[in-house]
2 protein chains.
Amino acid sequence: MPQRILDVAERLIQTRGFNGFSYADVSAAVGITKASLHYHFPSKGDLGLSLIRRYQHSFGDALDSLSASGRDTRAMLRGYVELYGSVLRKNRMCLCGMLAAEQSTLPVPMQRALRAFFDSNERWLVGVLEAGQRTGALRLRGSARDDARLLVAALEGALLVARSYDDAGRFEAAAARILDAIEAVDGRPGSARRAREPGRPSVT
Amino acid sequence: MPQRILDVAERLIQTRGFNGFSYADVSAAVGITKASLHYHFPSKGDLGLSLIRRYQHSFGDALDSLSASGRDTRAMLRGYVELYGSVLRKNRMCLCGMLAAEQSTLPVPMQRALRAFFDSNERWLVGVLEAGQRTGALRLRGSARDDARLLVAALEGALLVARSYDDAGRFEAAAARILDAIEAVDGRPGSARRAREPGRPSVT
DNA sequence: GTCTATAGGTGGATAGAC
DNA sequence: GTCTATCCACCTATAGAC
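No experiment lies behind these values; they were computed from the predicted model shown.

Reading the values: rules and limits
- Residues numbered from 1 in each chain as written.
- Chains lettered and ligands numbered in written order.
- Predicted model: local features only at pLDDT ≥ 70, side-chain atom pairs only at ≥ 80, totals over all residues.
- Heavy atoms only, no water.
- Contact = heavy atoms within 4.5 Å.
- Buried area = accessible area lost by both parts, 1.4 Å probe.
- Salt bridge = Lys/Arg side-chain N within 4 Å of Asp/Glu carboxyl O.
- Polar contact = N/O pair within 3.5 Å; in protein donor to acceptor, adjacent residues only side chain to side chain.
- Nonpolar A, V, L, I, M, F, W, Y, C, P; charged D, E, K, R; others polar.
- Least-squares fit on C-alpha atoms with pLDDT ≥ 70 in both.
- Near = heavy atom within 4 Å.
- Helix = DSSP H or I, 4+ residues; strand = E, 2+ residues; numbered from the N terminus.
- Phe/Tyr/Trp six-rings, centres within 6.5 Å; stacked < 30°, edge-to-face > 60°.
- Buried < 20%, exposed > 50% of the residue type's maximum accessible area, 1.4 Å probe, protein only.

**Student:** Just to check I follow, could you spell out the interface of chain A and chain B for this structure?
**Tutor:** As a measure of interface size, the accessible area lost when the parts come together is often cited. Across the contact, 43 residues belong to chain A and 44 residues belong to chain B. Summed over both sides, the interface of chain A with chain B buries roughly 4000 Å², with 56% coming from carbon and sulfur. Taken together, chain A and chain B are joined by six salt bridges. Residue Asp180(B) is joined to Arg141(A) by a salt bridge in which the shortest nitrogen-to-oxygen separation is 3.5 Å. Inspection of the region where chain A meets chain B yields 13 residue pairs in polar contact (both at pLDDT 80 or more). Looking at the side of chain A that touches chain B residue by residue, the class counts come to 19 nonpolar, ten polar and 14 charged.

Laid out in structure tokens, this is it:
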């Protein structure tokens, strides 16, 4: 039952924001009363915190299996981008991107968990980028850390804007272009092809 | 008086979101009652719509003076980035970026105005990028439209994330890196220097 | 675990006096 | 234009029975 509650609340936050949904909304969708919701998650902040943690774990699991897949650097980066793409295709915003917008209205524990999510994304990306640089697959222009941060920011922003237009193409184009910029090896541009591979691991 | 109301409401939305502020908040900050607020803006949607329109005009004016300034292409792009930087330094999110996150909870007229804002930004950027391409200042890898969209998305996302960390440096680094990627002329990277010019036009 | 009932507060919005 | 007073729907949260 806690999982069903989390599923519904997650969808509501990703589409409407933390201040745009209520226990009544969850109650109606799950089919139990508001009071029962409070049994599982005493306060809205508790619910939000559980949600961020679950999201980070599920994202982290997807990144782990990418790391373990033996793909090369560029394929892993495309896999990372595809995690965001799968979110957009459900007409949702990234949970943590949405919460980042509402940051100042959130309980402090949620604010901390939010940063932890972005930190772990950055760590994974830095690892991939530095490995790519060692093997010669990539020649970065700046620091791996700055490239990782730019990629996260660009993907969050691309989700944000694409959703306003209900246009996944906007996201795909921006994602392809930013990957190209990061992957570019000096004079030789990275592959200009649109990242188009089926069957990537998906995250809710 | 309408202007003071708009100023306060704008700040509240840029920091807390459309669903994170109330007429009571505006009332307390402006010093008139909620009922008087309703005289100027009958519904919250009316207030929000006026806000987007004012924001777009003020942004548009800043872009017009950039266009009229005789600066070269790269300086105009840095000026565009600086518009977002000035927002972050007030610890705010872009008004329209914030509203884009809450998009699905907004009245339809606000949703339309939101897209109009992004459209006009894109038009201005496409003009600048294509002019730069004609003069040879830029050699774009893809279409000017896609680069314009990527720049907007990356800046919105950089604001979103940087605000979670209360760290303007994150925004500056991402902005410098994305400009570099767009400005890169084949083998020769764009200027790697941090965009650091004082006295840019500012937007609220 | 789930329910009914309800507390105590805040939301956006209106009526009507001044 | 601004006020007081008020409406009522909705909010988060709790008490206590089953």
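Here the narrative resumes.
**Student:** Just to check I follow, could you spell out the relation of the copies chain A and chain B for this structure?
**Tutor:** One copy of the chain maps onto the second through a rotation about an axis and a displacement along it. For the pair chain A and chain B, the best superposition has an RMSD of 0.0 Å and corresponds to a rotation of 180 degrees with a translation of 0.0 Å parallel to the axis. The transformation relating the two chain copies, once decomposed into turn and shift, fits a two-fold axis. When the interface residues of chain A are mapped onto chain B, 100% of them again lie at the interface, so the same face is used by both copies.

**Student:** Sorry if this is basic, but what is going on with the protein's contact with DNA strand C here?
**Tutor:** In the region of DNA strand C, 17 residues are neighbours, and Thr33(A), Ser36(A), His40(A), His38(B) and Lys44(B) sit closest. Each atom of DNA strand C within 4 Å of the protein was assigned to sugar, phosphate or base; sugar and phosphate come to 56%. Ser36(A) places a side-chain nitrogen or oxygen 2.9 Å from a phosphate oxygen of DNA strand C. Tyr23(B) is positioned such that a nitrogen or oxygen atom in its backbone is 3.0 Å from a phosphate oxygen of DNA strand C. Broken down by secondary-structure element, the contributors of at least two residues to the surface near DNA strand C are α3 (34-40) of chain A together with α2 (23-30) and α3 (34-40) of chain B. Ranked by residues supplied to the surface near DNA strand C, first place goes to α3(A) with four residues. Tallied by class, residues from the surface near DNA strand C come to nine nonpolar, six polar and two charged.

**Student:** Help me understand the packing of aromatic side chains, please; the structure alone is not making it clear to me.
**Tutor:** For any pair of aromatic rings, geometry is given as the distance between the ring centres together with the angle between the planes. With the rule as written, the count across this model stands at 18 aromatic pairs over all chains. Seen in terms of ring centroids, Phe59(A) and Tyr80(A) are 6.3 Å apart; in terms of plane orientation they differ by 75 degrees. Their pairing is edge-to-face. Taken together, the residues span a long stretch of sequence, with Phe59(A) in helix α4 (residues 44-68) and Tyr80(A) in helix α5 (residues 73-88) at a distance of 21 residues. Residue Phe59(A) shares its accessibility class with Tyr80(A), and that shared class is buried. When the ring of Tyr55(B) is compared with that of Phe59(B), the centres are 5.8 Å apart and the planes differ by 40 degrees; the resulting orientation is tilted. Of this pair, Tyr55(B) and Phe59(B) both sit in helix α4 (residues 44-67), four residues apart, which is roughly one turn of the helix.

Interpretation note: all reported values are geometric properties and have no functional meaning in isolation.
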